[in-house]
Amino acid sequence: MNPVRKTFAQLWLLFEPILFGLIGVEIDITVIEIQTIGLGIAVLTIGLVFRIAASILAVSWAGLTWKEKFFVALAWLPKATVQAALGSIALDTARDRDAGETAEELGLKVLTIAVLVIIITAPIGAIAISLSAPRLLTDDATYKENNVPDKEDVDLLVQPTVDIGITNL
């Protein structure tokens, strides 16, 4: 196994809980506005519809069956790491530049929606992947013979994550 890949996988085990923990500390659920949640869910729904369409379009010329294309779209539903990493930038920037109370409130709304996206899409994506894989994907023995992963690669893929308490697929 590539030593850089192995090192990054081990570092991620340490830093992933820290990343999600720090994001969670910033959110105070007692001050979240219902309107922010509603608009966040609406934007998320519209975005996911376009994401599913774009996912299917992106793999349209890859020689996949319709079932496999749909599975790819489902597998690309979960959001977490990027949202956690980038969700707080607007709030941090507003605070660092002393941009005022309005900018800070908008930054907090961006962070709240980012966390909302994580809370909604991570479990839905994990459930969709788990339930649809046996129905949409077939066991291809020829592929298995030619693409057997190293034991170390498999061990890295099945380490538990903090996102939603399941293993990486």
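Per chain, residue numbering runs from 1 following the sequence as it is written. Given that this is a predicted model, residues contribute local features only at a pLDDT of at least 70 and side-chain atom pairs are listed and counted only at 80 or more, while totals for whole chains, interfaces and linings are drawn from all residues. In computing side-chain values, all of the structure's heavy atoms are included and hydrogens and water are not.

Below, the discussion takes up the packing of helix H5 (residues 89-96) against helix H6 (residues 101-136). The geometry of H5 relative to H6 is characterised by a closest axis approach of 7 Å and an angle of 160° between their N-to-C directions. By the criterion of interaxial angle, the relationship of H5 to H6 is roughly antiparallel. Our pair here, H5 against H6, has a crossing hand that is left-handed. Counted together, Ala90, Leu91, Ala94 and Arg95 of H5 and Ala103, Glu104, Gly107, Leu108, Val110 and Leu111 of H6 form the full contact between these two elements. Any residue outside Ala, Val, Leu, Ile, Met, Phe, Trp, Tyr, Cys, Pro, Asp, Glu, Lys and Arg is labelled polar, Gly included; the first ten of those are nonpolar and the last four are charged. Looking at side-chain class alone, the contact of H5 with H6 contains seven nonpolar, one polar and two charged residues. Every axis corresponds to a line fitted to the C-alpha atoms, with the helix fit spanning only the stretch in contact, and the corresponding angles, defined between N-to-C directions, vary from 0 to 180 degrees. By the criteria applied, helices consist of DSSP H or I runs no shorter than four residues and strands consist of E runs no shorter than two, each listed in order from the N terminus. An angle counts as roughly parallel when it lies under 35 degrees, as roughly antiparallel when it exceeds 145, as roughly perpendicular when it falls between 65 and 115, and as oblique in every other case. Crossing handedness follows the turn of the near helix against the far one: under a right angle anticlockwise gives a left-handed crossing, and clockwise gives a right-handed one. Two residues qualify as a contact provided that any one of their heavy atoms is within 4.5 Å of a heavy atom in the partner residue.

The subject of this paragraph is a nonpolar patch on the surface. On the surface, a nonpolar cluster with roughly 660 Å² of combined accessible area is contributed by Val4, Phe8, Leu11, Trp12, Leu14, Phe15 and Ile18. When you line up the elements, Trp12 lands in helix H1 (residues 3-26). Type-normalised accessible area, obtained with a 1.4 Å probe on protein chains alone, sets the label of each residue: buried when under 20%, exposed when over 50%, and partly exposed for intermediate values. In this structure Trp12 comes out as partly exposed when scored by relative accessible area, which is 31%. Patch construction takes residues with relative accessible area above 30% that form no salt bridge. Like charges are linked within 9 Å, and nonpolar side chains (Val, Leu, Ile, Met, Phe, Trp, Tyr) are linked within 5 Å. Each accessible area is a Shrake-Rupley estimate made with a 1.4 Å probe; only the visible protein chains count as cover when residues are assessed. Any carboxyl oxygen of Asp or Glu within 4 Å of a side-chain nitrogen of Lys or Arg constitutes a salt bridge here.

In this section: the packing of aromatic side chains. Note on aromatic contacts: the rings of Phe and Tyr and the six-membered ring of Trp form a pair at centre separations within 6.5 Å, being stacked when their planes are under 30 degrees apart, edge-to-face when over 60 apart, and tilted otherwise. Following the criterion strictly, the structure yields zero aromatic pairs and no others. As a reminder, the over-ring test applies to NZ of lysine and CZ of arginine, requiring each to be within 6 Å of the ring centre and within 35 degrees of the ring normal. The ring of Trp66 carries the charged tip of Lys69 above its face, separated from the ring centre by 4.5 Å.

Let us now look at the pattern of salt bridges. Throughout the structure, instances matching the rule amount to two salt bridges. Ionic pairing is found between Glu33 and Lys109, a salt bridge with its closest N-O pair at 3.7 Å. Here Glu33 is found in the loop between H1 and helix H2 (34-58), whereas its partner Lys109 is found in helix H6, with 76 residues between them in sequence. Judged by its relative accessible area of 41%, Glu33 falls in the partly exposed class. Ionic pairing is found between Glu104 and Arg95, a salt bridge with its closest N-O pair at 3.4 Å. For Glu104, a relative accessible area of 32% gives the class partly exposed.

A few words now on the confidence of the model for the chain. Residue-level pLDDT values for the chain average 78, and 75% of them are 70 or greater. Long-range and interchain partners of residues 162-169, a stretch whose pLDDT sits below 50, account for 19 contacts in this model, where long-range means more than four residues apart. Looking at any residue, its pLDDT shows the predictor's confidence there, from 0 to 100.

So, on to H6. To estimate the expected span of a helix, subtract one from its residue number and multiply by 1.5 Å. Spanning 36 residues, H6 covers 49 Å between terminal C-alpha atoms, matching the ideal 52 Å at 1.5 Å per step. A bend of about 25° at Ser130 is the largest found in H6, and the proline Pro134 appears one to four places after it. Two axes define the bend at a residue: one fitted to the seven residues ending there, one fitted to the seven starting there, and the bend is the angle between them.

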